[in-house]
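Structure at a glance
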Amino acid sequence: MTIDASPPILTGLVAPLDKTLFRKSIPLLAARFPVTKIGSLRKTDPIRRSLIDLPRLRSIVPDPSDPSGDKLVLLKVSTEEDLPPQALEFLRNESNGLVPYTLELDYDYWGADEMIQAILPESLRERSPAGFAMTGHIAHINLKEEYLPYKYLIGQIILDKNLQVKTVVNKLDSIDTQFRFFKMELLAGEPNYIVQHHEADCTFTFDFTQVYWNSRLHTEHERLVDLFQPEDVVADVFAGVGPFAIPAARKGCAVLANDLNPQSAKYLAYKSQVGDAVKVSCEDGRTFIRDAAARLIADPLPVFSGPKKSRNQENQERRKGTLAPPPEIPSLPRNKISHFVMNLPDSAIQFLDAFRGVFAHLDKQEVEKVYSEMPMIHCHCFTRETEPEQARKDILERVTEKIGQPLEGYSLHLVRSVAPNKDMYCISFRLPSRVAFNDE
Ligand SMILES: C[S@@+](CC[C@H](N)C(=O)[O-])C[C@H]1O[C@@H](n2cnc3c(N)ncnc32)[C@H](O)[C@@H]1O
């Protein structure tokens with residue numbers, strides 16, 4: 001007693017997808033029952049097991065020929081002979097008759113996975129290419145070569161079957177070597193790439209074709225922001241559109257957010273709701289590292305004024321009557337960088353030599369007054385060593401070579417595996433003062 005409710009297989013279609021081709025009529029047997037008997041039916045064993053059980057479909061429907069009369073109970077067989085004897089006997093005794101019923105399914109009924117399987121040739125059906133990630137309203141997929149002939153059909157199906165999706169793109173293999181955003185081609189929907197993406201209770205607006213964004217890093221963004229104290233100044237060397245910078249500023253930090261991509265800097269400057277707590281620059285990371293600390297001593301950032309709540313959070317607290325007045329906070333000077341964030345894993349280690357002698361040209365006594373302790377550096381990197389001990393050795397060797405001194409202490413965090421032989425790590429260490437004051 002099973003019904004084949006899968007969509008018709010229609011290989012060889014070309015875009016645009018003709019949705020009207022996806023129809024299926026399934027002949028069923030139905031039993032008429034008065035409304036008064038319907039409630040107990042589902043509990044009656046021989047019937048319960050004979051009802052159709054298809055996702056998103058009701059098994060008890062009005063009779064189309066008499067909508068206000070008996071209900072039709074849809075059975076998962078097309079003839080009486082297919083019913084178990086007990087069920088047939090029960091229906092003959094208790095129902096007002098058995099009648100044929102045609103179940104009509106169309107394009108709207110099936111899910112994305114089933115529909116994609118239905119348009120693919122048999123050899124490609126085993127693995128589904130329907131998985132996608134969302135950035136704002138854009139669904140992005142990464143189609144393997146063999147699926148490319150079907151890319152527009154696949155895109156259309158993903159668009160139709162997911163309400164929140166307005167645009168579907170295929171990520172192309174080429175990534176912008178400098179600014180790290182990937183090239184993409186439109187498969188379906190609006191050619192609109194300016195997204196509003198939400199992460200950590202913040203909204204990021206950016207052009208997805210022009211800047212780097214990776215939602216898979218959200219736990220890493222959160223992990224580092226958790227390490228910052230609200231009164232800290234954070235210097236984000238490769239800030240992108242601000243997934244560390246904006247949540248940190250929301251927490252109360254002042255942030256120097258830098259990115260060499262003018263588009264990232266432009267969208268960073270939107271920094272909704274965090275006001276002047278984020279200072280944006282568009283410089284090469286090496287220049288930024290060399291100048292940021294001295295600039296901050298000369299031109300401190302606004303005093304710590306407490307964490308900034310999101311509008312959502314404020315509204316919620318106002319509704320509950322728990323919105324407290326802003327806390328009394330001492331005016332702390334914001335002239336010391338507590339953390340450098342360096343998320344450019346492909347090459348961030350190469351930039352570490354910029355810390356050599358970073359304070360050497362400044363008045364040592366002045367600097368020591370501000371920097372009772374040196375800033376922390378959080379440097380992201382890739383390694384091809386997948387065994388943890390080898391990975392540690394490899395990263396440490398490259399870091400010490402660049403800063404020119406052994407580290408006094410460090411911690412290493414595995415961020416994620418990016419490929420079978422490539423892991424992303426974050427090494428965190430305090431800048432050794434002999435490196436910062438090295439005047440060689
Ligand atoms: C991997 S992304 C990280 C962005 C962001 N921090 C994040 O976590 O999503 C690296 C960023 O570094 C920027 N970038 C690349 N080369 C740079 C350089 N030499 N100086 C400053 N920024 C650079 C890119 O434009 C990109 O936005």
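Heads up: the structure comes first, above all this text.
So, a few notes on the structure that sits alongside this text. The structure presented is a predicted model; accordingly, all values stated were derived computationally and were not measured. Counting starts from 1 at the beginning of each chain's written sequence and moves along it residue by residue. Per-residue local features are limited, in this predicted model, to residues with pLDDT of at least 70; the limit for side-chain atom pairs, both in listing and counting, is 80 or more; totals at the level of whole chains, interfaces and linings are taken over all residues. Only hydrogens and water are set aside when side-chain values are computed; all heavy atoms of the structure are taken into account.

1. Quick word on the pairing of strand β7 (residues 167–175)
- Pairing geometry for strand β6 (residues 138–141) and β7, over four bridges, is parallel. Note that in β7 the partner of Ile138 across the bridge is Thr167.
- Regarding topology, helix α5 (residues 151–161) serves as the crossover connection from β6 to the parallel β7, and that connection is right-handed.
- Should DSSP find at least two bridges between two strands, the strands are taken to pair. Here a strand is any run of E in DSSP of at least two residues, a helix any run of H or I of at least four, and the numbering for each starts at the N terminus. Sheet topology note: the β7/strand β8 (residues 182–189) ladder contains six bridges and is antiparallel. Pairing of Val169 across the sheet is with Leu186, part of β8.
- Between β7 and the antiparallel strand that follows it, β8, lie six residues; Arg180 among them carries a positive phi value of about 70 degrees. A right-handed crossover is one whose linking path, passing over the helix from the first strand to the second, runs clockwise when the strands point away from the viewer.

2. Concerning the site of the ligand
- By convention in these notes, a residue is near a molecule or strand provided one of its non-hydrogen atoms lies within 4 Å of it. Lining the immediate surroundings of the ligand are 21 residues, of which Phe238, Asp259, Asp284, Gly285 and Asn343 lie closest.
- Any pair of N or O atoms that falls within 3.5 Å is considered a polar contact. Within protein, one atom must be able to donate a hydrogen and the other to accept it, and sequence-neighbouring residues count only if both atoms are side-chain atoms. Here an oxygen atom of the ligand and a side-chain polar atom of His221 are 2.9 Å apart.
- In the model, a nitrogen atom of the ligand is placed 2.8 Å from a nitrogen or oxygen of the Phe238 main chain.
- Contact with the protein chains hides 97% of the accessible area of the ligand, taken as 590 Å² for the molecule alone.
- Put simply, Ala, Val, Leu, Ile, Met, Phe, Trp, Tyr, Cys and Pro go in the nonpolar bin, Asp, Glu, Lys and Arg in the charged bin, and everything else, Gly too, in the polar bin. Here the shell around the ligand is composed, by residue class, of 10 nonpolar, eight polar and three charged. Per-residue accessibility takes into account occlusion by the displayed protein chains alone, with areas from the Shrake-Rupley method and a 1.4 Å probe.

3. Some details on the pairing of strand β17 (residues 422–430)
- Only protein chains enter the accessibility calculation, which uses a 1.4 Å probe; a residue is then buried when its area is under 20% of its type maximum, exposed when over 50%, and partly exposed in between. Most of β17 is tucked away, with seven of its nine residues classed as buried.
- The pairing of strand β15 (residues 376–383) with β17 spans eight bridges and is antiparallel. Across the sheet, Met376 pairs through a bridge with Arg430, a residue of β17.
- Sheet topology note: the strand β16 (residues 411–419)/β17 ladder contains seven bridges and is antiparallel. Across the sheet, the residue bridging to Leu414 is Tyr425, located in β17.
- Connecting the antiparallel pair β16 and β17 is a turn made up of two residues.

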